[in-house]
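Commentary on secondary and tertiary structure
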Amino acid sequence: QYVYIDLGAQSSIDKVVVDWGDNYASQYEIQVSDDAESWNTVYKQNAGQGGTEECEFDTVQTQYVRLLCQEA
């Protein structure tokens, strides 16, 4: 499952903050795209703990950001 955000224009980002509720994915990826079709992974979490997680990575230029949750 995934959710993605359109930033509206090319933007520089270097962090995504995920604030999980009662349900959370322990394995997920933060991905970026210029066209919402071809995605590149910039951050991968294999042992998430829920709560608020700060996902920091090298600065990228992108328009779309996707949180891709994976089954354990």
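What you see is a predicted model; the values in this text were computed from it and never measured.

1. With respect to the pairing of strand β2 (residues 27-33)
Look at any regular strand and the pattern is simple: side chains alternate between the two faces of the sheet. Along β2, six of the seven residues are buried, which leaves the element largely enclosed by surrounding structure. Of the strand pairs in this sheet, β2 and strand β4 (residues 52-70) are connected by seven bridges, and their pairing is antiparallel. The residue bridging Q31 from the neighbouring strand is R66, located in β4. Looking at chain direction, β2 and strand β3 (residues 40-45) are connected through five bridges and run antiparallel. Its bridge partner lying in β3, I30 is registered against Y43. Remark: six residues form the turn of the hairpin made by β2 and β3, two consecutive strands paired antiparallel; A36 in that turn has positive phi of roughly 65°.

2. Considering the nonpolar core
Membership of the largest hydrophobic core comes to 14 residues, with the highest contact counts inside it found for V18, Y28, I30 and F57. Of all the secondary structure elements, the ones that give two or more residues to this core are β1 (2-19), β2 and β4. When residues of this core are assigned to their parent elements, the largest contribution, five residues, is made by β4. F57 has contacts with I13, D14, K15, V16, I30, V42 and Y43, leaving out every residue within four places of it along the chain.

3. Examining the side chain of E29
Considering the arrangement of structural elements, one finds E29 in strand β2. Residue E29 is classed as buried on the basis of its relative accessible area, which comes to 10%. Polar contacts involving the side chain of E29 include one to the side chain of Q31, which spans 3.1 Å.

4. Some points on the environment of I5
Take I5: it is sitting in strand β1. The sequence separation of I5 and Y64 amounts to 59 residues, and the corresponding C-alpha distance is 5.6 Å.

5. Focus on the pattern of salt bridges
What the rule picks out here adds up to two salt bridges. Of the charged contacts in the structure, one is a salt bridge between K15 and E54, with a shortest N-O distance of 3.6 Å. Linking K15 in strand β1 with E54 in strand β4, this pair joins segments that are 39 residues apart in sequence. Overall, E54 belongs to the partly exposed group, its relative accessible area being 46%.

6. Some thoughts on the pairing of β4
Summarising the sheet, β1 and β4 pair through 13 bridges and their orientation is antiparallel. Among the inter-strand pairings, D6 is bridged to a residue of β4, identified as Y64.

Parameters and conventions
- Residues numbered from 1 in each chain as written.
- Predicted model: local features only at pLDDT ≥ 70, side-chain atom pairs only at ≥ 80, totals over all residues.
- Heavy atoms only, no water.
- Buried < 20%, exposed > 50% of the residue type's maximum accessible area, 1.4 Å probe, protein only.
- Helix = DSSP H or I, 4+ residues; strand = E, 2+ residues; numbered from the N terminus.
- Pairing = 2+ DSSP bridges.
- Core = buried A, V, L, I, M, F, W, Y, C linked by side-chain atoms within 4.5 Å.
- Contact = heavy atoms within 4.5 Å.
- Polar contact = N/O pair within 3.5 Å; in protein donor to acceptor, adjacent residues only side chain to side chain.
- Salt bridge = Lys/Arg side-chain N within 4 Å of Asp/Glu carboxyl O.

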